[in-house]
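This is what each chain is made of:
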Amino acid sequence: MEDAPKKSGRKRKVVLATGMAAVVAGMGGLAATSFADTPAVPSFSDDFSDGDTAGWEKSGGTWSIAGDGDKSLQQAKTGATLSRQFAGSADWTDYTVQAAIEPRSIAADGYAGIVARATSSTTFYRLAVTGANKVRLESVKSGTATVLGEAALTVTSGKEYTLGLTVKGDKLTGSVNGASILSGTASTSAKGRIGLQTYSGTAQFDDVVVSASSSATASPTASAAASATATATASAPASASASASASPSASASTPATSAGTFENSPIGFGAGTTGGAGGTTVKITSLDQLVTEAASDGKKILQISTVLKGDGSDQVVVSSDKTIVGVGSNAGLTGAGIFIKKASNVVVRNLKISFAVAPVDLIAVQKSDHIWIDHNELFNDTSHDKDFYDGMLDLTHATDLVTVSWNYLHDHSKGSLLGHSDNNAAEDTGKLRITYSHNWFDNVASRLPRLRFGTVHLYNNLFTNAKTSGIHCLMNSQCLVENNVFVDVKLPVWTTQDSDEDGAAVISGNDFGGAEPVITKTGTFTKAPYTVTLDATGTVAATVKAGAGAGKL
């Protein structure tokens, strides 16, 4: 995904690219496309640095340019007033409009948002943050709004949210801070202008960008406020700060895997996991159907092509020999989690999972073996107390032989727990053998992971913005930590405190970003029992950012 726009002092520009090359780019290069009558591909940006609103058309409200340095467009009229600004061409069809929005004062029934395909001041599609702590996707026709989807989002006055609205054919996708969390279909409007809006509230708008709709989301490094990523502005230096007391399990090399070309089966402790391969393929269209099919007997591949919505406490219990896989770039669960219990041979892949409320984890695995968790995006927000949500990815109760690869986990307090209690040695000892590779933990405060009793190999992962701690090895656990990158991570690797007994670690080839690991016991797990080629540490940050998360397969 492209990086979110940054302030650059640029002037506004509107470009209508024409010609065969531009049309191919906007239409994905489909064969047999007719170029003669294809609408122009929009390209538009405005950061209001020129201090005026030329090119925008106002409809209601009190609008002005605010700020002495970095300028923004402000709507200051209060009360139950619909305030709108429109720009662009009435002929624009398929595109993404994105803007940074900072709510200042939003009433409970109010909102601030962006608009696409506006054919008039009362007919358009809208994505908005609301005073009721939600983000809402709507189709509006002659002033009557139809809600296509909504999700919980803590909306805080003075905090910036980057909203993105993609329209492509009759499909709409809404994103917050780079994470696509809403989608729907509508036929209200086939083409039209962009817009900015408030109702019963005041807000500031900045960094408006319109582009062809080949990409539905903003960068995963966009500023995080709730349901999406936190900024990781620093890149890992090419030189690794290495500390080791034993031989690494593999030699470093240039990346063996590049974005778009990934392993088709798990590497590491989870090798041999096949999920529902060879079984029946079932297309899932509702959460109730997923609950039924996931718990059923036999091999099945369960394909999800939309975001299924739960009430926050819903949980999908998964039985043996299942693959749950997202189709496309925006499929998964919101307000619900996945629970693999007393199962074997399960694959969870290419899903976006968010906003399950404690005690439900986004993904929980108990008393299960041969599990592959791959290319998922897991997120909540950091606006609540740390116990409002539970774990993102918790592997407990003697779960064994698991590979966790190419996942993007962000905006949460408690990341990944391996072993739930100091008092569970009888069950967990000899189990909890887990591989973590090429995952990106961003703005996750702690547990990256936190481990008791087990044996974990972590290689080529990226950790950014962890304010409490990173990898935490306890209760005689063994951690082998190789060629990982840490940026702004407190205690990147440590083996003491918070449990009755210390754990042990072997560290090699890591870049700790200037922080210091705290290793009280050197481990005996010095070489992985499988073959793997490590990426050179200096390439890890770019490789993982390009490849981790849903929609990358």
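Residues numbered from 1 in each chain as written. Predicted model: local features only at pLDDT ≥ 70, side-chain atom pairs only at ≥ 80, totals over all residues. Heavy atoms only, no water.

Enquirer: Any details on helix H4 (residues 537-547)? Residues and values, ideally.
Expert: Within H4, the full set of buried residues consists of Thr537, Val540, Ala541, Thr543, Val544 and Gly547. Summarising the contacts, the buried residues of H4 are in contact with strand S31 (440-446), strand S34 (462-466), strand S37 (485-489) and strand S40 (534-535). Remark: Gly549 follows H4 within two positions and exhibits a positive phi of approximately 105°. (Buried < 20%, exposed > 50% of the residue type's maximum accessible area, 1.4 Å probe, protein only. Helix = DSSP H or I, 4+ residues; strand = E, 2+ residues; numbered from the N terminus. Contact = heavy atoms within 4.5 Å.)

Enquirer: Tell me about unusual backbone geometry, residues and numbers included.
Expert: With omega at 10°, the peptide bond leading from Ala358 into Pro359 counts as cis. Positionally, Pro359 belongs in the loop between strand S22 (352-354) and strand S23 (363-366). A positive phi angle, close to 50°, is found at Lys342, a residue other than glycine. By the element assignment, Lys342 lies in the loop between strand S20 (332-341) and strand S21 (344-349). Positive phi is not limited to glycine here, since Asp498 has a value of about 70°. Along the polypeptide, Asp498 turns up in the loop between strand S38 (493-494) and strand S39 (504-508). Residue Asp498 is classed as exposed on the basis of its relative accessible area, which comes to 52%.

Enquirer: Lay out the sheet that holds S21 in plain terms, naming residues and giving numbers.
Expert: Spatially, S16-S17-S19-S21-S24-S27-S30-S33-S36-S39 is the arrangement adopted by the ten strands of the open sheet, whose pairing is parallel. Looking at strand neighbours, the two that pair on one side only are strand S16 (280-284) and S39, the edges of this open sheet. Pairwise comparison of adjacent strand axes, ignoring direction, gives a mean angle of 10° for this sheet. Sheet topology note: the S16/strand S17 (residues 300-304) ladder contains five bridges and is parallel. Bridge assignment links Thr280 to a residue of S17, and that residue is Lys300. Sheet strands touched by helix H2 (residues 287-295): S16, S17 and strand S19 (322-326). Its angle to S16, the strand with the most contacts, is close to 160°. (Pairing = 2+ DSSP bridges. Axes fitted to C-alpha atoms, helices over the stretch in contact; angles between N-to-C directions.)

Enquirer: Provide a residue-level description of the nonpolar core, including the pertinent values.
Expert: As a rule of thumb, nonpolar side chains are buried together in soluble globular proteins. The biggest cluster of nonpolar side chains holds 56 residues, and the ones touching the most others in it are Leu290, Ile324, Leu333, Ile338, Ile340, Leu395 and Tyr436. The element contributing the most residues to this core is S20, with four residues. Filtering out sequence-adjacent residues up to four positions away, Ile340 remains in contact with Val318, Val346, Val348, Ala364, Val365, Gln366, Ser368 and Ile371. Counting 41 residues, the second largest nonpolar core, distinct from the first, contains Val97, Leu163, Leu172 and Tyr389. (Core = buried A, V, L, I, M, F, W, Y, C linked by side-chain atoms within 4.5 Å.)

Enquirer: Any chance you could break down the state of the cysteines for me, citing the residues and the numbers?
Expert: Under the definition given, this model contains one disulfide. Residue Cys473 pairs covalently with Cys479 via a disulfide, S to S 2.1 Å. Judged by the sign of its S-S torsion, about -120°, the bond between Cys473 and Cys479 is left-handed. Here Cys473 matches Cys479 in class, with each residue buried. (Disulfide = S-S within 2.5 Å.)

Enquirer: Go over the packing of aromatic side chains with me, naming the residues and quoting the values.
Expert: Within the structure shown, the criterion is met by 16 aromatic pairs. With 6.4 Å between their ring centres and 50° between their planes, Phe355 and Tyr389 make a pair best called tilted. One end of the pair, Phe355, is in the loop between S22 and S23; the other, Tyr389, is in the loop between strand S25 (377-379) and strand S26 (393-396), with 34 residues separating them in the sequence. The exposure class assigned to Phe355 is buried, which follows from its relative accessible area of 6%. Judged by centre distance (4.8 Å) and plane angle (90°), the ring pair of Phe388 and Tyr389 falls under edge-to-face. Tyr389 sits in the buried class, given a relative accessible area of 6%. (Phe/Tyr/Trp six-rings, centres within 6.5 Å; stacked < 30°, edge-to-face > 60°.)

Enquirer: Let's hear about the pairing of strand S4 (residues 63-66): which residues, and what values?
Expert: Note: S4 against strand S5 (residues 72-75), four bridges, orientation antiparallel. In the strand pairing of S5, Ile65 is matched with Leu73. Hairpin connection from S4 to S5: five residues lie between these consecutive antiparallel strands, with Gly67 at a positive phi of about 105°.

Enquirer: Account for the environment of Gly275, naming residues and giving values.
Expert: Examined against the element boundaries, Gly275 turns out to sit in the loop between strand S15 (252-253) and S16. The sequence separation of Gly275 and Lys300 amounts to 25 residues, and the corresponding C-alpha distance is 7.8 Å. Once residues lying within four places of it in the same chain are set aside, the contact partners of Gly275 are Asp321, Lys322, Thr323, Asn345, Val346 and Val347.

Enquirer: Outline the environment of Ala542, supporting the account with residue identities and numerical values.
Expert: By the element assignment, Ala542 lies in helix H4. Judged by relative accessible area, Ala542 falls into the exposed class, the value being 56%. Expressed as a C-alpha distance, the spacing of Ala542 and Leu462, which sit 80 residues apart in the sequence, is 9.3 Å.

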